[in-house]
Amino acid sequence: MLFPTLGFHVFFLAVFALNRLMARARDWRVIMLLLASWLFYGLWDARFVALLIASSGWNWLFARIIAAGHGPRLAWLWLAILGNLGVLGWFKYAGFLADLAGMPLAQAIILPVGISFFTFQGLSYVIDVYNGRTRPARLLDLTLLMSFFPHLVAGPIVRPSHLLPQLRHPPRLGRQEAMACLILILWGTVKKAVIANDISVHLVDPVFTDPAGHSSLELVLAAYGYAVQIYCDFSAYTDMAIGLAGLLGFRFPRNFDQPYRAVSLQDFWRRWHISLSSWLRDYLYIGAFGGSRQALWRTCLALFGTMVLGGLWHGASWNFVIWGALHGGVLVAERLWQRARPATWPVLPAWAGTVITFHIVALGWIFFRCSEFSGALAFLRGMAAGHAGGAPLASGWILALMALGMACHFGPRDGVQRSARALAVMPGWAVGLIGTLVLLVIEGLRGGGIAPFIYFQF
């Protein structure tokens, strides 16, 4: 069940109405949201609802043991972590390792949707309890934290200390907040159903499927197109997730902050998939590897290792390893240059940093998009060959959508809040009319169907 579909709209309206009716009945509200989340997930594959429940129970149990101080706390923590990583490793990496060993196992393993996201939710909870950042939660509350349908299958990764306290209070939704949520949902629908889908269907998919059959210009346009597509696709999901959760009375953190305006790769990771990059920073780079509180060479190794593991988090493929290594290598180079740059040398202008950073990111997206290393190499060779092709694949409409997608980065950061304030003073019928017109425009512009979000595969 995808967000921008009629079936989901009916589902959400029912959940929204029940959520309002149960606003003061905390436990019944949590149970209702939990059952709704399991229904939402079960419509993808009912077999894995039990896995979701078992994962929640596993982390709840070990967090209680750790908080009670029974036995060696660190050993209990490691057992909890290994249990989470063992499940994630089986579903996500067993097939990859078996293929390397010449055992065709990959086809027999079905990857549960969103397993990386709810596993990271569980890991952050049990680690935070161990470190004293979060108090042990009720089983009911923790299960909802890990199962809550707005962020279940593609994030954002909401920290326990952020969401669990919100379960203790009845939902509050002011008119301006409601308008902001509706704007996020509608804008997310535009980005997904119109911009990302059309760019994918009419440019990116055909070119990446057969790079040898297209000109160098088309390959370059497809590389730029995928940079726009993946941003619009993924940020659309999190916009809608934040808006849907907001209408139910929950506040999710911002997950994107105009990432293609970044002036360095370090700045890019402060802006792109913020919930994942901050998770990797806090729990892996600092928590496991020691961060920057050590010798420079160890800091660089930790930085590089974190990004390679971040690449592997996305999937069992050498291309994801290369993508992570590319980002890790550039981050290390930036760190070394910060130390070695002569004080008398001029600082790179912001616009130049933005252009260079964007093209490094776009280069990495080629490995991210291609399923095989050989496909990525063929794509890069085709770009460098400079050969001409037939009629241009990218129409004026697709180029306009790419321009619109990139323009998302250069508007005011508080554009949603400004629009929400303007809508909040309008009568309800006018807001409804505007929303209906936007939906009609979306329906008229979008293609035949809605493809799954890119990050559902992770």
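Scroll up to find the structure.
Every value quoted in this text rests on a predicted model; they were computed, and no experiment measured them.

Participant: Describe the overall build of the chain, and please don't skip the residues or the numbers.
Facilitator: Counting secondary structure elements, the chain contains 18 helices and zero strands. Scaling as 2.2 N^0.38, a compact globule of 458 residues should have a C-alpha radius of gyration of about 23 Å, and the chain matches this with 23 Å. Residues counted as buried form 52% of the 458 residues belonging to the chain. For the chain, the exposed surface amounts to about 20,600 Å²; the carbon and sulfur share of it is 68%. Seen as two clouds, the 34 positive and the 19 negative side-chain charges of the chain have centres 12 Å apart.

Participant: How would you explain the pattern of salt bridges if you had to name every residue and give the values?
Facilitator: Two side chains carrying opposite charge are able to pair once their charged atoms lie near each other. Under the defined criterion, the tally for this structure stands at 15 salt bridges. It is possible to trace a salt-bridge network through shared partners that takes in Arg-26, Asp-27, Arg-138 and Asp-141.

Participant: I'd love a proper account of a nonpolar patch on the surface, names of residues and values included.
Facilitator: A contiguous nonpolar surface patch, about 480 Å² in accessible area, is contributed by Trp-429, Leu-433, Leu-437 and Leu-440. Mapped onto the elements, Leu-440 comes out in helix H18 (residues 428-445).

Participant: Tell me what's going on with the environment of Ser-278, and back it up with residues and numbers.
Facilitator: Relative to the assigned elements, Ser-278 resides in helix H11 (residues 274-286). Taking the relative accessible area as the measure of exposure, Ser-278 reaches 14% and is therefore buried. Separated by 251 residues in sequence, Ser-278 and Asp-27 place their C-alpha atoms 31 Å apart. For Ser-278, the side chain forms a polar contact with the main-chain oxygen of Ser-275, separated by 3.2 Å.

Participant: Describe unusual backbone geometry, with residues and values.
Facilitator: The backbone of Gln-258 shows a phi angle near 50°, a positive value even though the residue is not glycine. Positionally, Gln-258 belongs in the loop between helix H9 (216-247) and helix H10 (265-271). The class for Gln-258 is buried, based on a relative accessible area of 6%.

Participant: Please give an account of the environment of Asn-84 that cites residues and values.
Facilitator: Along the chain, Asn-84 turns up in helix H4 (residues 73-100). As a C-alpha pair, Asn-84 and Gly-122 span 38 residues in sequence and 7.7 Å in three-dimensional space. In contact with Asn-84, not counting residues within four places along its chain, are Ser-55, Trp-58, Asn-59, Thr-119 and Leu-123. At 2.8 Å, the side chain of Asn-84 and the backbone oxygen of Ala-80 are in polar contact.

Participant: Mind laying out the packing of aromatic side chains, listing which residues take part and the relevant values?
Facilitator: Counted according to the given criterion, the structure contains 43 aromatic pairs. On the basis of an interplanar angle of 15° and a centroid distance of 5.7 Å, the ring pair of Phe-268 and Trp-272 is categorised as stacked. Using a relative accessible area of 1% as the deciding quantity, one classes Phe-268 as buried.

Participant: Provide a residue-level description of the environment of Ser-147, including the pertinent values.
Facilitator: Looking at where Ser-147 falls in the secondary structure, it is placed in helix H6 (residues 139-147). Relative accessible area serves as the criterion here: at 0%, Ser-147 is assigned to the buried category. Residues Ser-147 and Leu-123, spaced 24 residues apart in sequence, show a C-alpha to C-alpha distance of 14 Å. The contact partners of Ser-147, leaving out residues within four places of it in the chain, are Leu-34, Ser-37, Trp-38, Leu-52, Ser-56 and Leu-152.

Participant: Outline the nonpolar core, listing residues and values.
Facilitator: Ranked by internal contacts, the top residues of the largest apolar core, which has 136 residues, are Phe-148, Tyr-260, Trp-272, Trp-365 and Tyr-455. With near-sequence residues (within four places) excluded, Trp-272 lies in contact with Ile-230, Tyr-231, Phe-234, Asn-255, Phe-256, Pro-259, Tyr-260, Ser-277, Trp-365 and Tyr-455.

Participant: Tell me what's going on with the side chain of Lys-92, and back it up with residues and numbers.
Facilitator: Residue position: Lys-92 is located in helix H4. For Lys-92, which is buried and forms no salt bridge, the nearest opposite charge comes from Asp-233, at a distance of 15 Å.

Each value, and the rule that gives it
In every chain, residue numbers begin from 1 and rise along the written sequence. Thresholds applied to this predicted model are a pLDDT of at least 70 for local features of residues and 80 or more for the giving and counting of side-chain atom pairs; totals over whole chains, interfaces and linings are not thresholded and use all residues. Side-chain metrics rest on all non-hydrogen atoms present in the structure, leaving aside hydrogens and water. Think of it this way: any DSSP run of H or I at least four residues long counts as a helix, any run of E at least two long counts as a strand, and we number them from the N terminus. A radius of gyration in this sense is built from C-alpha atoms; the matching globule rule multiplies 2.2 Å by the number of residues raised to 0.38. Each residue's exposure class comes from its accessible area (1.4 Å probe, protein chains only) as a fraction of the maximum for that residue type: buried when under 20%, exposed when over 50%, partly exposed otherwise. Areas reported here follow the Shrake-Rupley algorithm with a probe of radius 1.4 Å; residue values treat only the protein chains shown as occluding. Counting rule applied: Lys, Arg positive; Asp, Glu negative; His and chain ends not counted. Charge placement uses NZ in Lys and CZ in Arg. For Asp and Glu, CG and CD serve respectively. Salt bridges are defined by distance alone: a side-chain nitrogen of Lys or Arg within 4 Å of a carboxyl oxygen of Asp or Glu. Every patch collects residues that have over 30% relative accessible area and no salt bridge, joining them within 9 Å if they carry like charges and within 5 Å if they are nonpolar side chains (Val, Leu, Ile, Met, Phe, Trp, Tyr). We call two N or O atoms a polar contact when they sit within 3.5 Å, provided that within protein one can donate a hydrogen and the other can accept it, with sequence-adjacent residues counted only if both atoms are side-chain atoms. Working rule for contacts: check all heavy atoms of both residues, and any pair within 4.5 Å makes them a contact. What counts as a ring pair is set by centres within 6.5 Å for rings of Phe, Tyr and Trp (its six-membered ring), and what kind of pair is set by the plane angle: stacked under 30 degrees, edge-to-face over 60, tilted for all other angles. We define a nonpolar core as any set of buried Ala, Val, Leu, Ile, Met, Phe, Trp, Tyr and Cys residues linked to one another through side-chain atoms lying within 4.5 Å.

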